[in-house]
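# Analysis of the macromolecular model
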Amino acid sequence: MSANPLVKNFIVEGNIGAGKSTFLRLIDEQLPVQIVYEPLDQWQQAASGENLLDHFYKDTKRWAYTFQSYAFITRVMQQQKKQQETGALLQVLERSVYSDRYCFAKNCFEMGTMTPLEWALYQEWFDWLVTTYAQRPNGFIYLRTTPEKCFSRLKKRARAEEEIIPLSYLESLHTKHEQWLIDKSAIASYLQNTPVLVLEADVEFETNPEIMEHYLAQIADFMQVCRNVQVSTSAQRSSL
């Protein structure tokens with residue numbers, strides 16, 4: 001099934017432990033949007049009930065290509081499934097195939113846990129899948145968080161698969177997010193002009209209603225501006 005051009009989607013991005021799930025829950029309570037969470041259950045209960053996420057963290061070199069490929073495929077499946085169930089035309093997603101590509105998979109290759117051949121195959125699969133099935137984002141919402149704060153939150157939530165994640169891994173992922181969303185370095189041409197709303201997320205927004213209210217107002221304005229730009233651009237193209 002190809003992407004539905006009527007569906008508008010915004011993607012919440014950020015490092016591991018940036019607070020994305022909490023942030024999305026608060027958005028869901030306040031804004032009329034459909035929330036699409038990461039397909040974590042599918043990663044933890046893959047074929048034969050195996051925990052693919054756990055395999056990835058415990059033996060990254062063996063499982064990097066397998067997990068990263070499965071991750072971006074299940075993201076697309078999850079988004080389309082949710083849209084079909086409700087017919088929602090405005091979605092907010094937890095991460096995307098783009099963070100898979102520009103942050104996590106790229107990091108695996110640079111760390112040497114994905115071979116040059118695997119990286120080439122991954123990019124080939126990625127380009128085909130995104131071109132054929134993925135919904136292009138109307139905007140990114142970047143929860144910008146220091147690696148140290150992410151590490152602290154990660155330890156606090158104590159997810160079993162993440163116990164062995166070192167601070168250095170979060171630092172590397174932080175750099176990748178900055179290169180992609182802030183510098184827009186070495187990314188696909190169709191993403192160069194995709195708007196990015198940056199929210200400084202070291203603050204504990206869940207327990208600070210004033211800050212969360214401010215963030216929600218920024219998000220609502222950001223969505224409206226992005227959607228208006230999209231409509232204006234489409235109109236201009238149709239008149240050519």
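See above for the structure.
Quick look at the structure, then. (Residues numbered from 1 in each chain as written. Predicted model: local features only at pLDDT ≥ 70, side-chain atom pairs only at ≥ 80, totals over all residues. Heavy atoms only, no water.)

## A closer look at helix 1 (residues 20–30)
Our working rule: Accessible area is worked out with a 1.4 Å probe on protein chains only. A residue is then buried under 20% of its type maximum, exposed over 50%, and partly exposed in between. Strands here mean DSSP runs of E at least two residues long; helices mean DSSP runs of H or I at least four residues long; both are numbered from the N terminus. The directions considered for the arc run from the helix axis to the C-beta atoms.
All of the buried residues along helix 1 are Lys20, Phe23, Leu24, Leu26 and Ile27. All buried residues of helix 1 project into a common sector of 160° when viewed along the axis, lining one side.

## Section: the layout of surface pockets
Defined as follows: Only protein atoms enter the 1 Å grid used here. Points where a 1.4 Å probe fits but cannot escape make up a cavity, open sets with protein on both sides within 12 Å along at least five of seven lines make up a pocket, and a residue lines them when an atom lies within 4 Å of a point. Grid points are joined across faces, edges and corners, and a volume is the space filled by probe spheres set on the points. Basically, the charged four are Asp, Glu, Lys and Arg, the nonpolar ten are Ala, Val, Leu, Ile, Met, Phe, Trp, Tyr, Cys and Pro, and anything else, Gly included, counts as polar.
In this structure, the largest pocket occupies an estimated 700 Å³ of space. Elements that contribute at least two residues to the lining of the largest pocket include exactly helix 1, helix 2 (40–44), helix 3 (52–58), helix 4 (60–86), helix 5 (97–111) and helix 7 (147–157). Examining the composition of the lining of the largest pocket, we find that 5 residues originate from one element, helix 7, more than from any other. Of the residues assigned to the lining of the largest pocket, the class counts are 13 nonpolar, 7 polar and 14 charged.

## A short note on the sheet that holds strand 1 (residues 8–13)
Stated precisely, the cut-off is as follows: The pairing criterion is simple: DSSP has to find at least two bridges between the two strands. In this analysis, axes come from line fits to C-alpha atoms, helices being fitted only over the stretch in contact, and the angle between any two N-to-C directions falls in the range 0 to 180 degrees. It only takes one pair of heavy atoms within 4.5 Å for two residues to be counted as in contact.
The strand order 2-3-1-4-5 describes an open sheet built from 5 strands, whose pairing is parallel. Taken across any chain shown, the strands that pair with only one partner, and hence form the sheet edges, are strand 2 (34–36) and strand 5 (196–200). Strand-to-strand twist across the sheet, computed as the mean angle between neighbouring axes with direction ignored, equals 20°. In this structure, strand 2 lies alongside strand 3 (residues 90–94), joined through 3 bridges in parallel fashion. Its bridge partner being in strand 3, Ile35 is matched across the sheet by Val92. Sitting on the sheet, helix 8 (residues 167–182) touches strand 1, strand 4 (139–144) and strand 5, and the angle it makes with strand 4 is about 145°.

## As for the pairing of strand 5
Regular strands place side chains that alternate from one sheet face to the opposite one. Alternating residues of strand 5 divide into Leu197 and Leu199, all buried, and Val196, Val198 and Glu200, none buried. Of the strand pairs in this sheet, strand 4 and strand 5 are connected by 5 bridges, and their pairing is parallel. Within strand 5, the position partnered with Phe140 by the bridge is Val196.

## Observations concerning the environment of Phe151
With respect to the helices and strands, the residue Phe151 is situated in helix 7. Note on Phe151: relative accessible area 26%, which makes it partly exposed. Put simply, Phe151 and Gly17 are 134 residues apart on the chain and 6.7 Å apart in space, counted from C-alpha to C-alpha. When near neighbours in sequence (up to four residues on either side) are disregarded, Phe151 contacts Ile165, Pro166, Leu167 and Leu170.

## Side note on the side chain of Arg153
Secondary-structure assignment places Arg153 in helix 7. Setting aside chain neighbours within four positions, we find Arg153 in contact with Gly17, Ala18, Gly19, Thr145, Ala201, Asp202, Val203 and Glu204.

## A few points about the state of the cysteines
Where we set the bar: Only a pair of cysteine sulfur atoms within 2.5 Å qualifies as a disulfide here.
This model, assessed by the stated rule, comprises 0 disulfides. No disulfide involves Cys108; its sulfur sits 11 Å from the nearest other cysteine sulfur, which is in Cys103. Overall, Cys108 belongs to the buried group, its relative accessible area being 1%.

## Some thoughts on helix 8
Selection criterion: By this rule, a helix spans an expected 1.5 Å times one less than how many residues it contains.
Helix length check: helix 8 (16 residues) gives 21 Å between terminal C-alpha atoms against 22 Å at 1.5 Å per residue, within 8%. Taken together, the buried positions of helix 8 are Tyr169, Leu170, Leu173, His174, Lys176, His177, Glu178, Trp180 and Leu181. Residues of helix 8 that are buried sit in contact with strand 1, helix 3, helix 5, strand 4, helix 7 and strand 5. Phi for Lys184, located one or two positions after helix 8, is positive at around 50°.

## Section: the side chain of Lys106
What counts here: Charge convention: Lys and Arg are scored as positive, Asp and Glu as negative, and His as well as the terminal groups of each chain are ignored. Any Lys or Arg side-chain nitrogen located within 4 Å of an Asp or Glu carboxyl oxygen qualifies as a salt bridge.
In this structure, Lys106 sits in helix 5. We note that Lys106 is buried and unpaired, the nearest opposite charge coming from Glu110 at a distance of 4.4 Å.

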